[in-house]
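Here is how the chains run, residue by residue.
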Amino acid sequence: MRHPLIAGNWKMHKTVAETRALLRELRAATLPAGVQVVVAPPFTSLSAAHEELHGSPIELGAQTMHQADHGPFTGEISPVMLRELGVQYVILGHSERRAYWNESDDDVAWKVRAALKHGITPIVAVGETATEHERNETIGKVTLQVRAAFAGLAAADVAKCVVAYEPIWAIGTGRNDEPESANGVIAEIRAAVEGLQDARILYGGSMKADNAAALMAQPQIDGGLVGSASLSAKSFLAIVEAARARARQP
Ligand code: 13P
């Protein structure tokens, strides 16, 4: 059984005070049974978020991390530091990290190993650009990305990870991929690496309250990695609610 998962990637939004306010709203809600909920605030808010989520089923994620435990890496944050703050998930290889900080497939692979070593669940983001999409290169791109991220890992370790398929042209554009199309891509991702058959694979890219149910009605889509719609309690909770039906599927 792949339990549905809704993760909010807050990106570079929310001060500490704003984090506390949003999390108080989220934790006041009754979440649907069987749906896992994760929020990934900026690093500066993780400590406050950890406090606010004490006793709540909502889990904490980070948006990236360095692969080393410690060292001379100015500005970076290690898995050891994240663990101390109660972080259980980390988004790795988000397309914004790959595009603006030149994170490579090799970097992502190192980070996946480091996260697993420290008991943090990686959420590995993959996806194609608009040009690759138009050229029908989607499957080649995303299967290459997941094979690189999980190269050499035992299937049992791969199964513990989460993948997010995020077509880059759908991120922040209000234009989501069609549910059937995303389902087809995710089926190919699942088949590409041994162990992914049992892993959660999410869809991300303009997932909103009004399209979440249709996306999650697809058999391969186990939840969502949500950007802008995770920044308000109302829209995020509506997406969490849309995963309720999925939690009931055998
Ligand atoms: P949007 O939901 O704002 O399109 O962002 C998706 C995303 O990048 C989540 O990681």
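Above this note sits the structure.
What you see is a predicted model, and the numbers here were worked out from it, not measured in a lab. (Residues numbered from 1 in each chain as written. Predicted model: local features only at pLDDT ≥ 70, side-chain atom pairs only at ≥ 80, totals over all residues. Heavy atoms only, no water.)

Trainee: What should I look at first to understand the overall build of the protein chain in this one?
Mentor: Helix and strand counts for the protein chain stand at 12 helices and 8 strands. Expected size for 250 residues packed as a compact globule is a radius of gyration near 18 Å; at 17 Å, the protein chain falls within 12% of this value. Out of the 250 residues in the protein chain, the part that is buried amounts to 53%. Intrachain contacts of the protein chain at a sequence separation of at least 6 include 72% that bridge at least 24 residues. (Helix = DSSP H or I, 4+ residues; strand = E, 2+ residues; numbered from the N terminus. Rg over C-alpha atoms; globule rule 2.2 N^0.38 Å. Buried < 20%, exposed > 50% of the residue type's maximum accessible area, 1.4 Å probe, protein only. Contact = heavy atoms within 4.5 Å.)

Trainee: Honestly, the pattern of salt bridges in this entry has me stumped. Any pointers?
Mentor: When the charged atoms of two side chains with opposite charge come close together, those side chains can pair. If you walk through the whole model with that rule in mind, you get 14 salt bridges. We note a salt bridge from E132 to K141, for which the minimum N-O separation is 2.9 Å. Salt bridges linked by common partners bring R2, R190, D222 and R246 together as one network. (Salt bridge = Lys/Arg side-chain N within 4 Å of Asp/Glu carboxyl O.)

Trainee: Explain the packing of helix α7 (residues 138-149) against helix α9 (residues 179-192) to me, please; I cannot follow it from the model alone.
Mentor: Axis angle and axis distance: for two packed helices, these are the angle between their axes and the distance between the axes, and together they describe the pair. For the pair α7 and α9, interaxial distance at closest approach is 9 Å and the crossing angle is 35 degrees. In this structure, the crossing between α7 and α9 has a hand that is right-handed. When α7 is examined against α9, the residues T138, I139, V142, T143, V146 and R147 are found in contact with a partner set consisting of V185, E188, I189 and A192. Here the contact of α7 with α9 is composed, by residue class, of 6 nonpolar, 2 polar and 2 charged. (Axes fitted to C-alpha atoms, helices over the stretch in contact; angles between N-to-C directions. Left-handed = near helix turned anticlockwise from the far one by under 90°. Nonpolar A, V, L, I, M, F, W, Y, C, P; charged D, E, K, R; others polar.)

Trainee: Before we go on, may I ask you to explain the site of the ligand in this structure?
Mentor: Around the ligand sit N9, K11, H94, E166, A170, I171, G172, G205, S206, L225, G227 and S228, and that is every residue in its neighbourhood. Between the ligand and the protein, one listed contact pairs an oxygen atom with a side-chain N or O atom of N9 at 3.0 Å. Residue S206 places a main-chain N or O atom 2.8 Å away from an oxygen atom belonging to the ligand. Relative to its unbound accessible surface of 310 Å², the ligand loses 98% to contact with the protein. Looking at the shell around the ligand residue by residue, the class counts come to 3 nonpolar, 7 polar and 2 charged. (Near = heavy atom within 4 Å. Polar contact = N/O pair within 3.5 Å; in protein donor to acceptor, adjacent residues only side chain to side chain. Areas by Shrake-Rupley, 256 points an atom, 1.4 Å probe, with all protein chains shown as cover.)

Trainee: For this particular structure, what's the right way to read the pairing of strand β1 (residues 5-9)?
Mentor: The side chains of a regular strand alternate, residue by residue, between the two faces of the sheet. Within β1, 5 of the 5 residues are buried, which leaves the element mostly enclosed by the surrounding structure. Neither face of β1 is open: one carries L5, A7 and N9, the other I6 and G8, and all of them are buried. As paired elements, β1 and strand β2 (residues 36-40) share 5 bridges and run parallel to each other. Looking across to β2, one finds that L5 is bridged to Q36. Between the parallel pair β1 and β2, the chain is carried across by helix α1 (residues 16-28), and the sense of this crossover is right-handed. Where β1 meets strand β8 (residues 223-226), 4 bridges bridge the pair, whose relative direction is parallel. Residue I6 lies in a different strand from β8, and its bridge partner there is G224. (Pairing = 2+ DSSP bridges. Right-handed = clockwise from strand over helix to strand, strands pointing away.)

Trainee: What is the right way to read α9 from this model?
Mentor: Along an α-helix, a turn takes 3.6 residues, which lines up residues three or four apart on a common side. Along its 14 residues, α9 runs 20 Å from first to last C-alpha, staying within 8% of the 20 Å computed at 1.5 Å per residue. Within the span of α9, buried status applies to P179, A182, N183, V185, I186, I189, R190 and A192. Along its buried surface, α9 packs onto β5 (121-126), α7, β6 (162-165), β7 (200-204) and α10 (212-216). (Expected span 1.5 Å × (residues − 1).)

Trainee: Explain the nonpolar core to me, please; I cannot follow it from the model alone.
Mentor: What tends to happen in soluble globular proteins is that the nonpolar side chains get buried as a cluster. By size, the foremost hydrophobic cluster in this structure holds 63 residues, and its most contacted members are I6, V39, V146, F150, I189, L196 and M216. Listed in part, the 11 residues of the second largest apolar core include V38, I123, A164 and L202. (Core = buried A, V, L, I, M, F, W, Y, C linked by side-chain atoms within 4.5 Å.)

Without other data, these values stay purely geometric and don't point to any function.
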